[in-house]
Amino acid sequence: MTAHEKMLKVYEAESLIDAQLVLDMLENVDIPAILVNGNLSGGLGELPVSPPEIWIKRDHDEERACLVIRDFDIAQPPSGEISCEKCGEKNPESFEICWMCHTILLPQSS
């Protein structure tokens with residue numbers, strides 16, 4: 001890292017798993033990065049919980065890093081829920097069968 005470059009936060013993750021995946025993706029395309037708050041994200045109780053963050057080591061990698069992160073975000077499964085028509089139980093939108101009654105889940109119209 002040269003004197004004129006500084007580290008730059010490029011991603012705030014919802015989970016440590018997402019942060020690690022983004023970190024690996026960046027490193028796979030030769031963008032040096034670090035994970036910040038990896039150990040703090042699990043802290044509960046009176047401690048404030050800080051989300052995991054990814055910081056790149058070279059500011060000139062910012063544009064490429066944002067493209068990698070955009071691709072990661074696009075590839076994420078939907079996070080919505082779908083209600084079972086038979087028992088009414090809420091299931092993640094990615095489920096095809098209700099976890100409660102094993103009925104096939106039908107896509108719900110918006």
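First, a word on what this report is: a plain description of the structure on this page. (Residues numbered from 1 in each chain as written. Predicted model: local features only at pLDDT ≥ 70, side-chain atom pairs only at ≥ 80, totals over all residues. Heavy atoms only, no water.)

## Some remarks on the nonpolar core
Filter applied, for reference: To qualify as a nonpolar core, a set must consist of buried Ala, Val, Leu, Ile, Met, Phe, Trp, Tyr and Cys residues joined through side-chain atoms within 4.5 Å. Note on exposure labels: buried denotes an accessible area under 20% of the residue type's maximum, exposed denotes more than 50%, and partly exposed covers the range between, all computed with a 1.4 Å probe on protein chains only. The helix and strand labels rest on DSSP assignments: H or I over at least four residues marks a helix, E over at least two residues marks a strand, and numbering proceeds from the N terminus. In this analysis, two residues are considered to be in contact whenever any of their non-hydrogen atoms come within 4.5 Å of each other.
Core analysis: the biggest nonpolar cluster contains 15 residues, and V10, Y11, V22, L26, I54 and I56 have the highest contact counts within it. Those elements giving two or more residues to this core turn out to be β1 (8-12), α1 (16-28), β3 (53-56) and α2 (62-75). When neighbours within four sequence positions are excluded, I56 is seen to be in contact with K6, M7, L8, V10, L26, I31, P32, A33, D61, E62 and A65.

## Digging into the pairing of β3
A regular strand carries its side chains on alternate faces of the sheet. Here is the rule: A pair of strands is considered paired only if DSSP assigns at least 2 bridges between the two.
Note that β1 and β3 share four bridges and pair antiparallel. Paired with K9 across the strands is W55, a residue of β3.

## Some remarks on α1
Applicable threshold: Helix span is expected to be 1.5 Å times the residue number reduced by one. Read the arc as the range of directions from the helix axis to the C-beta atoms.
In a regular helix each residue adds 1.5 Å, so 13 residues correspond to 18 Å; α1 covers 18 Å between its end C-alpha atoms and thus fits that length. Buried within α1 we find D18, A19, V22, L23 and L26. Viewed end-on, α1 has its buried residues packed into an arc of 135°, placing them on one side of the element. Within α1, the exposed residues directed more than 90 degrees away from the buried face are I17 and N28.

## Let's talk about the packing of aromatic side chains
Inclusion rule: Pairing of aromatic rings covers Phe, Tyr and Trp, the last through its six-membered ring, and needs centres within 6.5 Å; plane angles under 30 degrees mean stacked, over 60 mean edge-to-face, and all others mean tilted.
According to the stated counting rule, one finds one aromatic pair in the structure shown. The interplanar angle of 90° and the centroid separation of 6.1 Å between the aromatic rings of Y11 and F72 together place this pair among those described as edge-to-face. Placement of Y11 in strand β1 and of F72 in helix α2 is noted, with a sequence separation of 61 residues between them.

## Quick word on the packing of α1 against α2
The angle between the axes and the distance between the axes are what describe a pair of packed helices. What counts here: Every angle, taken between N-to-C directions, lies between 0 and 180 degrees, and every axis is a line fitted to C-alpha atoms, over only the stretch in contact when it is a helix. Roughly parallel means an angle under 35 degrees; roughly antiparallel, over 145; roughly perpendicular, 65 to 115; everything else is oblique. In this scheme the crossing of two helices becomes right-handed for a clockwise turn of the near helix relative to the far one and left-handed for an anticlockwise turn of less than a right angle.
Where α1 contacts α2, the two axes come as close as 10 Å, and the packing angle between them is 135°. Put simply, α1 runs oblique to α2. The handedness of the crossing between α1 and α2 is right-handed. Between α1 and α2, the contacting residues are D18, L21, V22, M25 and L26 on the first element and A65, V68, I69 and F72 on the second.

## Things to note about unusual backbone geometry
Note on backbone geometry: most residues besides glycine have negative phi, and most peptide bonds are trans. Residue D30 is not a glycine yet carries a positive backbone phi of 60°. Tracing the sequence through the fold places D30 in the loop between α1 and β2 (33-36). Assessed through its relative accessible area of 59%, D30 is described here as exposed. The residue N37 is not glycine, and still its phi comes out positive at about 70°. For N37, the location among the structural elements is in the loop between β2 and β3.

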